[in-house]
Amino acid sequence: MTDATTIAVSGDASYDITVGRGILPSVGDALPPAARKVLVIHPPTLTEQAERLREQLLADREVLLAEIPDAEQGKRIEVAAFCWQIMGRADFTRTDAVIGFGGGAVTDLAGFVAATWLRGVEIVQVPTTVLGMVDAAVGGKTGVNTAEGKNLVGAFWTPRAVVCDLDLLDSLSPNERVAGYAEVVKAGFIWAPEILELIEADPARAVDPRSDAFRRTIELAIDMKARVVGEDLREAGLREILNYGHTLGHAIEHAERYRWRHGAAISVGMMFAAELSRLAGRLPDAAVQRHRDILTTLGLPTTYRAGAWQQLLATMQRDKKSRGGMLRFIVLDDIAKPTVLQAPDESLLFAAYQEVAG
Ligand code: GLY
């Protein structure tokens, strides 16, 4: 194995996240020793790599592959049923295991399949996108979408291990990589300013997957997620800070019928949250400008249609993150000082939106 970094997630179900290059072969070591059968759930774009992974794991177990549709198309109950069918036909037992091999949607679906088969089997998550590595595959949120909305059905099901092989990112398009990187930027604003400093020092290097700076920022973002979910798996408190930029971001994704990448939507959402923080008298102007500068330098969007406000507000009011009928936003008192702003005045929200309306 190469120079892998191990980040531990503590809590009731503790596990390790391994980050490095060329570490895909270590997935076998992460599986439960008793597992005789393994189901690898992957999207069509990773068929070849899934086959190779299968060859590596074959030595002492039966390895089944489930190819599922990519992105949100894969996060459907029918797709989970397809996986259950493969498991049923193979007499998959409670000691067998699942591998989620793909982006965030694939690891969410694979986690859900593992959480539900025989009331729960072990899963090793092998994220293949930036978003998957720093967010979706860590923290045990699993689920599927329904006609009524995203992630309405699911379970908290912590993985046995998460293996992040940075080599897998080489094949991503620059757009996809940068969009996923928005979650890394978020980690910089709410938790780890070193990420922001690395981006400011050399933005191109920070998003170059072969650079040390990129790896450092990814590790810092994963470390943040590991600490937050280690303390608050079920989002009873601290975990809510991860929603920075997401309240408006989710509404934009909805307005765009999920054709925008998640990271692009939360980039606008972070800009909005920063403006809201400023107008609420919390965040200094310079910190808001820092958001605009960093997001713009990376090529991430910071504006959205001026006329969309009423639609976005209505969607936010329906969003599951509005608790007890009240809208809640994560705002900043300063960089790395997130806090909750509950039920802000609609005029304040409108004023913040004017600052991102393009
Ligand atoms: N993606 C937000 C969370 O895991 O809580």
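Reading the values: rules and limits
- Residues numbered from 1 in each chain as written.
- Predicted model: local features only at pLDDT ≥ 70, side-chain atom pairs only at ≥ 80, totals over all residues.
- Heavy atoms only, no water.
- Helix = DSSP H or I, 4+ residues; strand = E, 2+ residues; numbered from the N terminus.
- Rg over C-alpha atoms; globule rule 2.2 N^0.38 Å.
- Buried < 20%, exposed > 50% of the residue type's maximum accessible area, 1.4 Å probe, protein only.
- Areas by Shrake-Rupley, 256 points an atom, 1.4 Å probe, with all protein chains shown as cover.
- Lys, Arg positive; Asp, Glu negative; His and termini not counted.
- Charge placed at Lys NZ, Arg CZ, Asp CG, Glu CD.
- Near = heavy atom within 4 Å.
- Polar contact = N/O pair within 3.5 Å; in protein donor to acceptor, adjacent residues only side chain to side chain.
- Arc of directions from axis to C-beta.
- Contact = heavy atoms within 4.5 Å.
- 1 Å grid on protein atoms, 1.4 Å probe; cavity = no way out; pocket = protein on both sides within 12 Å on 5 of 7 lines; lining within 4 Å.
- Points joined across faces, edges and corners; volume = space filled by probe spheres on them.
- Nonpolar A, V, L, I, M, F, W, Y, C, P; charged D, E, K, R; others polar.
- Pairing = 2+ DSSP bridges.
- Axes fitted to C-alpha atoms, helices over the stretch in contact; angles between N-to-C directions.
- Phe/Tyr/Trp six-rings, centres within 6.5 Å; stacked < 30°, edge-to-face > 60°.
- Core = buried A, V, L, I, M, F, W, Y, C linked by side-chain atoms within 4.5 Å.
- Right-handed = clockwise from strand over helix to strand, strands pointing away.

Draft legend 1. Representation of the overall build of the chain in the model. A count of helical and extended segments in the chain gives 14 helices and 11 strands. Over its C-alpha atoms the chain spans a radius of gyration of 20 Å, differing by no more than 12% from the 21 Å that the globule rule assigns to 358 residues. With the C-alpha coordinates of the chain rotated into their principal frame, the extents come out at 60 × 40 × 35 Å. Expressed as a percentage of the 358 residues in the chain, the buried residues total 56%. When the accessible surface of the chain is totalled, it reaches about 14,600 Å², and 49% of it is carbon and sulfur. Across the chain, the mean location of the 38 positive side-chain charges is 4 Å away from that of the 47 negative side-chain charges.

Draft legend 2. Representation of the site of the ligand. In the region of the ligand, the neighbouring residues are Asp 135, Lys 141, Lys 225, Arg 239 and Leu 242. Contacts to the ligand include Lys 141, whose side-chain N or O atom sits 2.9 Å from an oxygen atom. Measuring from an oxygen atom of the ligand, one finds a side-chain N or O atom of Arg 239 at 2.7 Å.

Draft legend 3. Representation of helix H14 (residues 346-354) in the model. Within the span of H14, buried status applies to Leu 349, Ala 352 and Tyr 353. The buried side chains of H14 occupy one side of the element, clustering within an arc of 100 degrees when seen end-on. Buried residues belonging to H14 abut helix H10 (246-255), helix H11 (262-279), helix H13 (309-318) and strand S10 (328-334).

Draft legend 4. Local environment of the layout of surface pockets. In this structure, the second largest pocket occupies an estimated 220 Å³ of space. The wall of the second largest pocket is formed by 16 residues, among which Gly 11, Asp 12, Ala 13, Thr 158 and Leu 233 lie closest to the centre. In terms of residue count, helix H9 (residues 212-231) provides more of the lining of the second largest pocket than any other element does, 3 residues in total. Considered class by class, the residues forming the lining of the second largest pocket number 7 nonpolar, 5 polar and 4 charged.

Draft legend 5. View of empty space enclosed by the protein. All told, the structure shown has 2 cavities of 30 Å³ or more when counted by the stated rule. Counted as a void, the second largest cavity has a volume near 30 Å³. For the second largest cavity, the full set of lining residues is Asn 243, Gly 245, His 246, Thr 247, Leu 248, Gly 269, Phe 272, Ala 273, Phe 329 and Ile 330. At the level of elements, H10, H11 and S10 are the ones that each hand at least two residues to the lining of the second largest cavity. Of the residues in the lining of the second largest cavity, the class split is 5 nonpolar, 5 polar and no charged.

Draft legend 6. Quick look at the sheet that holds strand S1 (residues 5-9). What the 7 strands build is an open sheet, ordered S1-S2-S9-S6-S5-S3-S4; its pairing is mixed. Taken across any chain shown, the strands that pair with only one partner, and hence form the sheet edges, are S1 and strand S4 (62-67). Averaged over neighbouring strand pairs, the angle between their axes works out to 20 degrees when direction is ignored. Inspection of the sheet shows strand S3 (residues 37-42) paired to S4 by 6 bridges, in the parallel sense. Directly across from Lys 37, in S4, lies its bridge partner Glu 62. This element, helix H2 (residues 47-57), spans S3, S4 and strand S5 (97-102) of the sheet and lies at about 165 degrees to S4.

Draft legend 7. Here's a closer look at the packing of aromatic side chains. According to the stated counting rule, one finds 6 aromatic pairs in the structure shown. Seen in terms of ring centroids, Tyr 181 and Phe 214 are 6.1 Å apart; in terms of plane orientation they differ by 20 degrees. Their pairing is stacked. Of the two residues, Tyr 181 is situated in helix H6 (residues 174-190) and Phe 214 in helix H9; the sequence distance between them amounts to 33 residues. On the basis of relative accessible area, Tyr 181 is assigned to the buried category, the value being 1%. By relative accessible area, Phe 214 is classed as buried at 0%. Through a chain of ring-to-ring contacts, the aromatic side chains of Phe 272, Trp 309, Phe 329 and Tyr 353 assemble into a single cluster.

Draft legend 8. Geometry of the nonpolar core. If you look at the biggest cluster of nonpolar residues, it comprises 78 residues, and the most contacted ones within it are Ile 17, Phe 272 and Leu 312. When near neighbours in sequence (up to four residues on either side) are disregarded, Phe 272 contacts Leu 248, Trp 309, Phe 329, Leu 349, Ala 352, Tyr 353 and Val 356. Within the second largest apolar cluster, 23 residues are counted, among which are Leu 39, Ile 41, Cys 83 and Ala 114.

Draft legend 9. Structural view of the pairing of S5. Judged by how many residues are buried, S5 sits mostly within the fold: 6 of 6 residues are covered. Side chains Ala 97, Ile 99 and Phe 101 of S5 all project onto a buried face; the interleaved residues Val 98, Gly 100 and Gly 102 project onto the opposite face, where all are buried too. Taken together, the 4 bridges between S3 and S5 define a ladder with parallel strand orientation. In the strand pairing of S5, Ile 41 is matched with Gly 100. As paired strands, S5 and strand S6 (residues 122-127) are joined by 6 bridges and run parallel to one another. Paired with Gly 100 across the two strands is Gln 125, which belongs to S6. You can see the chain leave S5, run along helix H4 (residues 104-116) and come back into S6, and the turn it takes is right-handed.

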